[in-house]
Amino acid sequence: MATCEVCGNDYWMAFEVRTVSGDVHTFDCFECAVHKMAPICEHCQIKIVGHGVEVSGRFFCCAHCARAEEGDQGAQIRDAVGARPT
Ligand SMILES: [Zn+2]
Ligand SMILES: [Zn+2]
């Protein structure tokens, strides 16, 4: 048994998440893991659960938010490679 470090639930299917720095965190569900670990978009403040984008060391949920905050580099960000299908 392991206890979730966010909500305190002692759950037999709790799991660990290891970060790039080697820290290990224990959660009982993905929602608690997102609450604790997901980066926050610097433009709209939502939790970034998907890939998101990183520009100049800042995290954004999508290309629109990156463009809104980061000038030249943000303008180069696209959510998907290639153009919309025609
Ligand atoms: Zn929890
Ligand atoms: Zn955003």
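The structure presented is a predicted model; accordingly, all values stated were derived computationally and were not measured.

Asker: Tell me about the overall build of the chain, residues and numbers included.
Answerer: Helix and strand counts for the chain stand at three helices and six strands. Overall, the chain shows an N-to-C arrangement of helices and strands of β-β-β-β-α-β-β-α-α. Against the 2.2 N^0.38 benchmark of 12 Å for 86 residues, the chain shows a C-alpha radius of gyration of 17 Å, more extended than a compact globule. Principal axes of the C-alpha set define a box for the chain whose edges measure 50 × 30 × 25 Å. For the chain, the proportion of contacts with a sequence separation of at least 24, taken over those separated by at least 6, is 11%. Just so you have it, the chain exposes about 6300 Å², and 53% of that area is on carbon and sulfur atoms. Averaging the coordinates of the 7 positive side-chain charges in the chain and doing the same for the 12 negative ones gives two points 8 Å apart.

Asker: Could you give me a rundown of the side chain of Asp-28, with the residues and numbers involved?
Answerer: By secondary structure assignment, the location of Asp-28 is in the loop between strand 4 (24-27) and helix 1 (30-37). Buried within the structure, Asp-28 lacks any salt-bridge partner; Lys-36 is the closest side chain of opposite charge, at an N-O distance of 12 Å. One polar contact links Asp-28 to Asn-9, side chain to side chain, over a distance of 2.9 Å. Beyond its immediate stretch of four places on either side in the chain, Asp-28 contacts Cys-4, Cys-7, Asn-9, Tyr-11, Ala-14 and Phe-15.

Asker: For unusual backbone geometry, give the residues involved together with the corresponding values.
Answerer: Most peptide bonds adopt trans geometry, and most residues besides glycine take a negative phi value. Despite not being glycine, Gln-45 has its phi angle at roughly 70 degrees, a positive value. Turning to its location among the elements, Gln-45 is positioned in the loop between helix 1 and strand 5 (53-55). With a relative accessible area of 52%, Gln-45 lands in the exposed category. We note that Ser-56 has phi near 55 degrees; this positive angle belongs to a residue other than glycine. With respect to the helices and strands, the residue Ser-56 is situated in the loop between strand 5 and strand 6 (58-60).

Asker: I'd like to hear about the coordination of the zinc ion (ligand 1), residue by residue, with values.
Answerer: Within the first shell, the zinc ion (ligand 1) binds the protein through Cys-4 (SG), Cys-7 (SG), Asp-28 (OD) and Cys-32 (SG), at distances of 2.1 to 2.3 Å. If you look at the zinc ion (ligand 1), its four donor atoms make angles of 95 to 117 degrees with each other, and the shape they trace is tetrahedral. Sequence positions of the donors to the zinc ion (ligand 1) reduce to the motif C-x2-C-x20-D-x3-C. With Cys-7 in the loop between strand 1 (2-3) and strand 2 (10-11) and Asp-28 in the loop between strand 4 and helix 1, the pair connects residues that are 21 residues apart, well separated along the chain.

Asker: Got a sec to walk through the nonpolar core? Specific residues and values, please.
Answerer: A general feature of soluble globular proteins is that nonpolar side chains tend to end up buried together. By size, the foremost hydrophobic cluster in this structure holds ten residues: Cys-41, Ile-48, Val-53, Val-55, Phe-60, Cys-62, Ala-63, Cys-65, Ala-66 and Ile-77. For this core, the leading source of residues is helix 2 (residues 63-69), giving three residues. Setting aside residues no more than four positions away along its own chain, Cys-65 makes contact with Cys-41, His-43, Cys-44 and Phe-60.

Calculation notes
Residues numbered from 1 in each chain as written. Chains lettered and ligands numbered in written order. Predicted model: local features only at pLDDT ≥ 70, side-chain atom pairs only at ≥ 80, totals over all residues. Heavy atoms only, no water. Helix = DSSP H or I, 4+ residues; strand = E, 2+ residues; numbered from the N terminus. Rg over C-alpha atoms; globule rule 2.2 N^0.38 Å. Contact = heavy atoms within 4.5 Å. Areas by Shrake-Rupley, 256 points an atom, 1.4 Å probe, with all protein chains shown as cover. Lys, Arg positive; Asp, Glu negative; His and termini not counted. Charge placed at Lys NZ, Arg CZ, Asp CG, Glu CD. Buried < 20%, exposed > 50% of the residue type's maximum accessible area, 1.4 Å probe, protein only. Salt bridge = Lys/Arg side-chain N within 4 Å of Asp/Glu carboxyl O. Polar contact = N/O pair within 3.5 Å; in protein donor to acceptor, adjacent residues only side chain to side chain. Donors = N, O, S within 2.8 Å, 3.2 Å for Na, K, Ca; no water. Tetrahedral: all angles 85-135°; square planar, octahedral: opposite > 155°, others 65-115°. Core = buried A, V, L, I, M, F, W, Y, C linked by side-chain atoms within 4.5 Å.

The analysis is restricted to geometry; functional conclusions fall outside its scope.
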